[in-house]
Amino acid sequence: MVVGKKTKKSNSGLDELSGYKVLPVQIAGGTGTHYLYFKQHTSKREDPLLPSSRTIYISNVPADATERDLRRLFQGVARVARVVFHSAVGQDAVKVAAAAAQATSEISSNTKVGKGKAKAAATTEVAKAQQVAPLLSSGGSAHVVLLEDVELGAVLGMKAGVREWAIDSSHGLARHVLDYGAARPAVDAVRADVDAFMARFEEAQYERERMLEQQQNVADADGFIPVVRRARGGKNTDGTASVTAMSTDEAREAGAARKEPTTYANLYRFQARERKRDQLVDLRRKFEEDKEKIARMRQARQFRPY
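Every chain begins its residue count from 1, and numbering advances along the sequence as written. Local features are withheld for residues below a pLDDT of 70 in this predicted model, meaning they are given only at 70 or higher, and side-chain atom pairs are given and counted only at 80 or more; totals for whole chains, interfaces and linings count all residues. Here the side-chain values reflect all heavy atoms present in the structure, with hydrogen atoms and water set aside.

## As for the overall build of the protein chain
Each helix and strand in the protein chain was counted, giving 8 helices and 11 strands. Any residue under 20% of the maximum accessible area for its type is buried, any over 50% is exposed, and the rest in between are partly exposed; the area is computed with a 1.4 Å probe on protein chains only. Here the protein chain, with 306 residues, has 22% of them falling under the buried criterion. In DSSP terms, a helix is any run of H or I states spanning at least four residues, a strand is any run of E spanning at least two, and both are numbered starting from the N terminus.

Here's what the structure looks like:
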């Protein structure tokens, strides 16, 4: 119970806590009591999938709860159309496959049965692994949509009493043991799965090569012979001639070694005039620089022409 909140007791119905109905459930095989809290679903915007006239909101749902558990909980009171869980952790497809592979390995190694019986038993384990509902986060919640509107009143007016919460291999410690084993498959099972994958991959590669071989020298609908790529070596071929694709490094080196484009200085008359004018300006600048240098040397009496 929540400290500081008053619980409204009823002589015949369920207790109420802050607008929620308190539904105690007894876990099968356990001594403790788990409490579920539910009320009529309300929303500012009506959701056609969750009609407020026949939907209840349940909180503090056990982490391993399933739709079958909630259907069994309201059995004899109302018919459940569907259950929408929230805060689901999700089912890991890798774990499911690993659990099936581990089951196959254990059945083949621990029992003296034929391959056919081992595969059949492994198929059963796969079905069990796929049927396991996803785990919810601690204190999860769910919406339960009833079949008819009149059944909402029957649920809210449930009589006081402790309901039983049945458990099986998908609940409690057995569920966590299943997840633990699925996350740690046997080495032989992993090796067999990898070998099977590589065999399928090589078969697909062989089929691709065979199809490319058939496409060589075969004209398309327009009469052109397509160039097909045979391998990852960078060669394209039509069956007769081969073209090697240049790598990125080779293309960069070829660009760096490329010669500068040839320019023609006197192709036009104005280019010749501008070149002569620039030469004359350069000669005049050098002449003035030499005059200033001679003048400085004379002042320092270091100028000796003879």
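## So, the side chain of threonine 55
With respect to the element layout, threonine 55 can be found in strand E5 (residues 55-61). Polar contact is the term for a pair of N or O atoms within 3.5 Å; when the atoms are in protein, one must be able to donate a hydrogen and the other to accept it, and sequence-neighboring residues count only if both atoms are side-chain atoms. Reaching out from threonine 55, the side chain makes a polar contact with the backbone oxygen of proline 51 at a distance of 2.5 Å. By definition, residues are in contact when any of their heavy atoms lie within 4.5 Å. Leaving out residues up to four positions away in the same chain, threonine 55 has contacts with Gln40, His41, Leu50, His143, Val144, Val145 and Leu152.

## Some words on the packing of aromatic side chains
A ring pair, where both rings are aromatic, is described by two values, the distance of the centres and the angle of the planes. Ring pairs are drawn from Phe, Tyr and Trp, using the six-membered ring of Trp, whenever the two centres fall within 6.5 Å, and their geometry is named by plane angle: stacked under 30 degrees, edge-to-face over 60, tilted for the rest. A full pass over the atoms with the stated rule returns 2 aromatic pairs. Arranged with centres 6.2 Å apart and planes meeting at 85°, the rings of phenylalanine 38 and phenylalanine 74 form a pair that is edge-to-face. Of the two residues, phenylalanine 38 sits in strand E4 (residues 33-40) while phenylalanine 74 sits in the loop between helix H1 (67-73) and strand E6 (80-88), which places them 36 residues apart along the sequence. The two residues phenylalanine 38 and phenylalanine 74 agree in class, both being buried. Their ring planes at 20° and their centres at 5.9 Å tell us that tyrosine 268 and phenylalanine 270 sit as a pair that is stacked. When its relative accessible area of 48% is taken as the criterion, tyrosine 268 is described as partly exposed. The class for phenylalanine 270 is partly exposed, based on a relative accessible area of 40%.

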